[in-house]
Amino acid sequence: MKINFINHACFSIETDSSLSIFDPWFTGDVFNNSWSLLRETDIDSLSLDKLKYIFITHEHPDHLHWRTLKQIKDSCTNELRIIIPKRRNSNVSDALRKMGFMVAEAPPHRKFQIEKDLAFTNYPTNHDSAYVLEAGDKIILNQNDCKLILF
């Protein structure tokens, strides 16, 4: 398994059989042009031939970046599944499906085994969510912007 920092909140996990990307934002500004990347990501520098999963933790534009998702979709011939936290309405899922993605809405606190060597559990708090990933023999916490309460 390989973990690779890409940009901002975006990183990838590569296993023998797949590549997963979290919260991709590769280019442009967000939040009314008040936030920008330190450096933009050259999509051609990424090995997208194994990309199967894109995880989105929440809907802020530095985590759910529509232009980057279109760029990925246009660059990949693979069937891509976007995994998002289960929401009360389907507007984000509907928009992603309209772009041609397969979408899985993950209910909270349930472990999903998506491949032999990759599983995840979604832990929402307010508008954000953390993901616990089991990749091979590693356990990874993607806390993101999520404020976890530890007892």
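Scoring rules and cut-offs
Residues numbered from 1 in each chain as written. Predicted model: local features only at pLDDT ≥ 70, side-chain atom pairs only at ≥ 80, totals over all residues. Heavy atoms only, no water. Salt bridge = Lys/Arg side-chain N within 4 Å of Asp/Glu carboxyl O. Helix = DSSP H or I, 4+ residues; strand = E, 2+ residues; numbered from the N terminus. Buried < 20%, exposed > 50% of the residue type's maximum accessible area, 1.4 Å probe, protein only. Lys, Arg positive; Asp, Glu negative; His and termini not counted. Polar contact = N/O pair within 3.5 Å; in protein donor to acceptor, adjacent residues only side chain to side chain. Contact = heavy atoms within 4.5 Å. Pairing = 2+ DSSP bridges. Axes fitted to C-alpha atoms, helices over the stretch in contact; angles between N-to-C directions. Right-handed = clockwise from strand over helix to strand, strands pointing away.

A. The pattern of salt bridges, seen in detail. On inspection of all chains with the given rule, the structure shows 7 salt bridges. We note a salt bridge from Asp 74 to Lys 70, for which the minimum N-O separation is 2.7 Å. Of this pair, Asp 74 and Lys 70 both sit in helix H1 (residues 66-75), 4 residues apart, which is roughly one turn of the helix. Classification of Asp 74 by relative accessible area gives exposed; the value is 56%. For Lys 70, a relative accessible area of 46% gives the class partly exposed.

B. Main features of the side chain of Asp 23. On the secondary structure map, Asp 23 appears in the loop between strand E3 (19-22) and strand E4 (29-30). Put simply, Asp 23 is tucked away with no salt bridge, and the nearest opposite charge, on Arg 87, sits 13 Å away. Of note is the side chain of Asp 23, whose polar atom sits 2.7 Å from the side chain of Thr 57. A distance of 2.7 Å separates a polar atom in the side chain of Asp 23 from a polar atom in the side chain of Asn 144. Contact partners of Asp 23, with chain neighbours within four places excluded, come to Ala 9, Cys 10, Phe 55, Ile 56, Thr 57, Asp 62, His 63 and Asn 144.

C. Broad picture of the environment of Asn 4. Positionally, Asn 4 belongs in strand E1 (residues 2-7). For Asn 4, a relative accessible area of 39% puts it in the partly exposed group. The spatial distance from the C-alpha of Asn 4 to the C-alpha of Arg 39 is 16 Å, given a sequence separation of 35 residues.

D. Quick peek at the sheet that holds strand E12 (residues 138-142). Strand order in the open sheet formed by 4 strands is E9-E10-E11-E12, and the pairing between neighbours is antiparallel. With one partner strand each, in any of the chains shown, strand E9 (111-115) and E12 form the two edges of the open sheet. This sheet shows a mean twist of 20 degrees between the axes of neighbouring strands, independent of strand direction.

E. Main features of unusual backbone geometry. Positive phi is not limited to glycine here, since His 109 has a value of about 65 degrees. Summarising the element assignment, His 109 is placed in the loop between strand E8 (102-106) and E9. With a phi angle near 50 degrees, Asn 126 is a residue other than glycine that sits in the positive phi range. Turning to its location among the elements, Asn 126 is positioned in the loop between strand E10 (118-125) and strand E11 (128-135).

F. Up close: the pairing of E8. Looking at chain direction, strand E7 (residues 81-85) and E8 are connected through 5 bridges and run parallel. Considered in E8, the bridge of Pro 85 is made with Ala 106. Crossover handedness for the path E7 to helix H2 (residues 91-98) to E8: right-handed.

G. Local environment of the sheet that holds strand E2 (residues 10-14). An order of E1-E2-E3-E6-E7-E8 is seen for the 6 strands of this open sheet, with the pairing classed as mixed. A single partner strand is all that each edge strand has here, and the edge strands are E1 and E8. Direction aside, neighbouring strands of the sheet carry axes that sit 20 degrees apart on average. Pairing between strand E6 (residues 51-55) and E7: 3 bridges, direction parallel. Pairing of Tyr 53 across the sheet is with Arg 81, part of E7. Strands E7 and E8 of the sheet are contacted by H2, whose axis makes an angle of about 160 degrees with E8.

Function cannot be read off these values alone, since they describe shape.
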